[in-house]
Amino acid sequence: MKNNPLVSIIIPVYNVEKYLAQCLDSIINQTYQDIEIICINDGSTDSSKNILEKYASKDERFQLINQINQGSSVARNVGMRKASGKYLMFVDGDDWIDLNTCEKAVETAQKYDADLVFWSYKREYDGKSKDKLMFWEDETIFNEKHVKSELHRRLIGLLGDELKHPDYADATVTVWGKLYLAKEIISHQIEFVDIKEIGTSEDALFNLYALGYVKKAVYIKQCLNHYRKDNTTSLTTIYKENLYHQWQHLFDLMKEYISDNCLSREYVQALNNRIALSIVGLGLNILASDFSIKERIDLIKNILISDRYRMAYNTLELKYFPLHWKVFYQFAKKANAMGVYLLLAIIYKIIS
């Protein structure tokens, strides 16, 4: 490798004592050693802080920051402000990475003079792994034009043939599994929006802002990240009463970004499609509540007949969807809350 630029690895940590050692071991033992490890203990109440202190006392590359619990968005922002590397990486405290991840990412960034390198990952369930691939070539190079058309716009939502696989809607949005050129993010003061404001998708919004400045990106097909799926608190387990309003704020921010940057109609349609598809997440959230069946159906009905959702469904092209999704979104288009509820109940049971 022609030179060894520093990589700043930012790790927000909150109550992951069971998994933290595996995460940290995978980082300190990287084959590429020119790294700084910035750990933000976000008010953990378990032994995570003690584990972090133990690792920090043995490795001078560690920076440990303790703060009251403010959420992963704020923690990552704090970490970015402390970072001094040419490149940024994010790793979650309950996940881990292959030992050659940094080496492969930096080597690729230097080889192609890329602003962004990203890669596939493995979803880790209890006792089994599943690969999550985004593209099919071993290495895919995106110039500025293709960054916009194939990566940037997709952060807003799916279009055309992409709707054949709605379960891949957010495959590329994570901030982990990526190596960012730090100067673009720092110079444009790009930060995470607090998850308390937008509910979820803070990664998608961060990447939307960041990729607006990316001139070249490279995708590596190798699964270098390991995303733990047996430690997630999903929408299907805990009811979030503010989720609908938080997501409306997320959509407003995306709409504002499209307008401020004079982006094409494709972006507008992609946002409409994101809004239409969001009924699944909102519906599953409602099913996790203690409301009666009638109250749940009424809540779903109110969403379906709202102006924003009616407009989104009117422009949603169903021809691309698999049959079961066509049936679901036909119900949604017709504001058939009972039909949507029944299909969501099936999904909820399968997932649970």
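To start, this report covers the structure provided alongside it.

Parameters and conventions
- Residues numbered from 1 in each chain as written.
- Predicted model: local features only at pLDDT ≥ 70, side-chain atom pairs only at ≥ 80, totals over all residues.
- Heavy atoms only, no water.
- Helix = DSSP H or I, 4+ residues; strand = E, 2+ residues; numbered from the N terminus.
- Buried < 20%, exposed > 50% of the residue type's maximum accessible area, 1.4 Å probe, protein only.
- Contact = heavy atoms within 4.5 Å.
- Axes fitted to C-alpha atoms, helices over the stretch in contact; angles between N-to-C directions.
- Parallel < 35°, antiparallel > 145°, perpendicular 65-115°, else oblique.
- Left-handed = near helix turned anticlockwise from the far one by under 90°.
- Nonpolar A, V, L, I, M, F, W, Y, C, P; charged D, E, K, R; others polar.
- Polar contact = N/O pair within 3.5 Å; in protein donor to acceptor, adjacent residues only side chain to side chain.
- Core = buried A, V, L, I, M, F, W, Y, C linked by side-chain atoms within 4.5 Å.

### With respect to the environment of C39
Next up, step 1: With respect to the secondary-structure elements, C39 resides in strand β2 (residues 35-42).
Next up, step 2: Residue class for C39 comes out buried when judged on its relative accessible area of 0%.
Next up, step 3: A C-alpha to C-alpha distance of 9.9 Å links C39 and D92, two positions 53 residues apart in sequence.
Next up, step 4: Every residue in contact with C39, bar those within four places of it in the chain, is listed here: I11, L24, L52, F62, Q63, L64 and I65.

### Looking at the packing of helix α3 (residues 72-82) against helix α8 (residues 202-211)
Next up, step 1: Between α3 and α8, the shortest axis-to-axis distance is 11 Å and the interhelical angle comes to 40°. One element, α3, and the other, α8, form an angle in the oblique class. When the axes of α3 and α8 are compared, the crossing they make is right-handed. Listed contacts from α8 to S72, S73, R76 and M80 of α3 are E202, D203 and F206.
Next up, step 2: Looking at side-chain class alone, the contact of α3 with α8 contains two nonpolar, two polar and three charged residues.

### As for the side chain of N207
Next up, step 1: Structurally, N207 is set in helix α8.
Next up, step 2: A residue is classified by how much of its surface remains accessible, and N207, at 0% relative accessible area, is buried.
Next up, step 3: A distance of 2.6 Å separates the side chain of N207 from the backbone oxygen of V173, its partner in a polar contact.
Next up, step 4: Once you skip the residues sitting within four places of it in the chain, N207 turns out to touch L155, T172, V173, T174, V175, K178 and Y180.

### A few points about the nonpolar core
Next up, step 1: Residues F118, F206, L304, Y313, L316 and Y329 are the most contacted members of the largest nonpolar core, which totals 87 residues.
Next up, step 2: Here the element with the most residues in this core is helix α10 (residues 265-287); it accounts for twelve residues.
Next up, step 3: Residue contacts for Y313: discarding those within four places in its chain leaves A276, I279, L304, Y329, A332 and K333.
Next up, step 4: Grouped together as the second largest cluster of nonpolar side chains are 35 residues, L52, Y87, I97 and Y112 included.

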